[in-house]
Amino acid sequence: MKRILLTAGLASLLFTGCAQMTVLRTKEMKAVGAEVQTSLDSAVQSLSAQNDSLRAELDSTKAMLDASALAQKRMQAEITMLSRRVSDESERNDSRQEEIIYRLDMLLGKSDKILAKKVVVSGAPAPVSMDSLEREAEKLVEAEAMFNTARSDYHRGEFKLAYNGFKQVYEQMKEGELAENSLYWMALCLIDVNQVDKAKKVFARMSEAFPDGQKTCPALFKLSNLYGEECDIDMQKQYLQKILSTKSCEKSAEFEQAAEMLQEILEKEDKKAAGEPVDACVPVVRESKMPSARVKPAEGSASEPTASTTAESTEASL
């Protein structure tokens, strides 16, 4: 009986000790868990603060990048505008340089001609005064200004006014590139006021007076077209063949066009000779591009000369 009681007491003591140890361990685990939770909360708060700080830095960096991109776009737009301005100014400068070079070449050419005309007295050449060179230079500049004005009048449809301007340039220069160009543009004016016969005469005289001129090939080609429009095929072929036989026209655009047109005419004639049907030539009816009264004469001045009368006087001077 005593043994049973003793055993029961020992068991009770063991059970009580184990229960106390379990309670202690539970308390320790709870304390450790609370400490860990506190550490995690602190770490989460720290990470959240760092995240907020990084987000703010990213937002600031993004704002700086956006501002930089906007500044770059503005700079690119300004560079584009400056580039266009530089390009336009460069083109203007190139045009001015070309005009200056052209005028210098013309002046040098005139100077050479003046020097070549020196009179020989007692075996010694007479000196050429600077006054004569200056007069020639002023004459050339004045003629160029009149030519440019006349060309502007032509493009504005003022054909009579343009004709008189080109005629004045020709009568002042008589020879050289300006004189040749003036005759060419005079013929164009005559065509536009429906004075085709006068225009053909001016073109023909111009090609004779300036056989190696810059406008000779275009003038011959214009003549061939004018006769073609009148269905005068023989005269058209004559001027086309003249273009092909002129050495100075070999590298011109008119040379290739003349060869093609002449080939078409010959093929058409071969078909007609063989009895094949061909399209009949229909003459072109021209209408004047100029109203009846476009240029008013100045008060107190004589009436404006017509295109036909000025053409006759020019033809006589040729």
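The preceding data block contains the structure.
Residues numbered from 1 in each chain as written. Predicted model: local features only at pLDDT ≥ 70, side-chain atom pairs only at ≥ 80, totals over all residues. Heavy atoms only, no water.

### Examining the nonpolar core
- If you look at the biggest cluster of nonpolar residues, it comprises 46 residues, and the most contacted ones within it are Tyr154, Phe166 and Phe203.
- Listing elements by their share of this core, those giving two or more residues are helix 2 (130-155), helix 3 (159-173), helix 4 (177-192), helix 5 (196-209), helix 6 (216-229), helix 7 (233-245) and helix 8 (253-273).
- With 11 residues, the single largest contributor to this core is helix 4.
- The contacts of phenylalanine 203, once residues within four sequence positions are left out, are Tyr184, Ala187, Leu188, Ile191, Ala219, Lys222, Leu223 and Leu226. (Core = buried A, V, L, I, M, F, W, Y, C linked by side-chain atoms within 4.5 Å. Buried < 20%, exposed > 50% of the residue type's maximum accessible area, 1.4 Å probe, protein only. Helix = DSSP H or I, 4+ residues; strand = E, 2+ residues; numbered from the N terminus. Contact = heavy atoms within 4.5 Å.)

### Observations regarding helix 4
- Compared with the 22 Å implied by 1.5 Å per residue over 16 residues, the 23 Å span of helix 4 between its first and last C-alpha is a close match.
- Of all the 16 residues making up helix 4, 15 are buried; the element is thus mostly covered by neighbouring parts of the structure. (Expected span 1.5 Å × (residues − 1).)

### Some thoughts on the packing of helix 6 against helix 7
- As a packed pair, helix 6 and helix 7 sit with axes 8 Å apart at the nearest point and diverge in direction by 160°. Classified by the interaxial angle, the pair formed by helix 6 and helix 7 is roughly antiparallel. Crossing geometry of helix 6 relative to helix 7 is assigned as left-handed. Residues Cys217, Leu220, Phe221, Leu223, Ser224, Tyr227 and Gly228 of helix 6 pack against Met235, Gln236, Tyr239, Leu240, Lys242 and Ile243 of helix 7.
- Here the residues of the contact of helix 6 with helix 7 are counted per class, giving nine nonpolar, three polar and one charged. (Axes fitted to C-alpha atoms, helices over the stretch in contact; angles between N-to-C directions. Parallel < 35°, antiparallel > 145°, perpendicular 65-115°, else oblique. Left-handed = near helix turned anticlockwise from the far one by under 90°. Nonpolar A, V, L, I, M, F, W, Y, C, P; charged D, E, K, R; others polar.)

### Points about the pattern of salt bridges
- Tallying each qualifying case throughout the model produces five salt bridges.
- Residue aspartate 153 is joined to arginine 156 by a salt bridge in which the shortest nitrogen-to-oxygen separation is 2.3 Å.
- Look at aspartate 153 and you get buried, because its relative accessible area is 8%.
- Residues glutamate 230 and lysine 200 are paired through a salt bridge, measuring 3.0 Å at the closest nitrogen-oxygen approach. In this pair, glutamate 230 sits in the loop between helix 6 and helix 7 while lysine 200 sits in helix 5, placing the two residues 30 residues apart along the sequence.
- Lysine 200 sits in the buried class, given a relative accessible area of 9%. (Salt bridge = Lys/Arg side-chain N within 4 Å of Asp/Glu carboxyl O.)

### Quick notes on the side chain of serine 252
- Following the sequence through the fold, serine 252 ends up in the loop between helix 7 and helix 8.
- For serine 252, the side chain forms a polar contact with the main-chain oxygen of cysteine 249, separated by 2.7 Å. (Polar contact = N/O pair within 3.5 Å; in protein donor to acceptor, adjacent residues only side chain to side chain.)

### Observations concerning a negative patch on the surface
- On the surface, a cluster of negative charge is contributed by Glu256, Glu260, Glu264, Glu267 and Asp270.
- Looking at where glutamate 260 falls in the secondary structure, it is placed in helix 8.
- Residue glutamate 260 is classed as exposed on the basis of its relative accessible area, which comes to 53%. (Patch = residues over 30% accessible without salt bridge, like charges linked within 9 Å, V, L, I, M, F, W, Y side chains within 5 Å. Areas by Shrake-Rupley, 256 points an atom, 1.4 Å probe, with all protein chains shown as cover. Lys, Arg positive; Asp, Glu negative; His and termini not counted. Charge placed at Lys NZ, Arg CZ, Asp CG, Glu CD.)

### Notes on the packing of helix 6 against helix 8
- Remark: helix 6 packs on helix 8, axes separated minimally by 10 Å, with the N-to-C direction vectors making an angle of 25°. Comparing the axis directions of helix 6 and helix 8 gives the class roughly parallel. The handedness of the crossing between helix 6 and helix 8 comes out as left-handed. Residue-level contacts link Cys217, Pro218, Phe221 and Asn225 of helix 6 to Glu254, Gln257, Ala258 and Met261 of helix 8.
- Residue classes in the contact of helix 6 with helix 8 are distributed as five nonpolar, two polar and one charged.

### Looking at unusual backbone geometry
- At lysine 174, a position not held by glycine, the phi torsion is positive, near 70°.
- Within the fold, lysine 174 resides in the loop between helix 3 and helix 4.
- Phi at asparagine 194 takes a positive value of approximately 65°, unusual for a residue other than glycine.
- Within the secondary structure layout, asparagine 194 lies in the loop between helix 4 and helix 5.
- Taking the relative accessible area as the measure of exposure, asparagine 194 reaches 36% and is therefore partly exposed.

### Considerations on the state of the cysteines
- Under the criterion given, the structure shown has two disulfides.
- In this model, cysteine 217 is linked to cysteine 249 through a disulfide, with the two sulfur atoms separated by 2.0 Å. The disulfide joining cysteine 217 to cysteine 249 has a torsion of about -100° about its S-S bond and is therefore left-handed. Taken together, the residues cysteine 217 in helix 6 and cysteine 249 in the loop between helix 7 and helix 8 connect sequence positions 32 residues apart.
- On the basis of relative accessible area, cysteine 217 is assigned to the buried category, the value being 4%.
- Using a relative accessible area of 0% as the deciding quantity, one classes cysteine 249 as buried.
- Each disulfide pairs two cysteine sulfurs, and for cysteine 231 the partner residue is cysteine 281, the sulfurs being separated by 2.0 Å. The chirality of the disulfide connecting cysteine 231 with cysteine 281 is left-handed, given an S-S dihedral of about -90°. Of this pair, cysteine 231 sits in the loop between helix 6 and helix 7 while cysteine 281 sits in the loop between helix 8 and helix 9 (307-317), and the two are 50 residues apart along the sequence. (Disulfide = S-S within 2.5 Å.)

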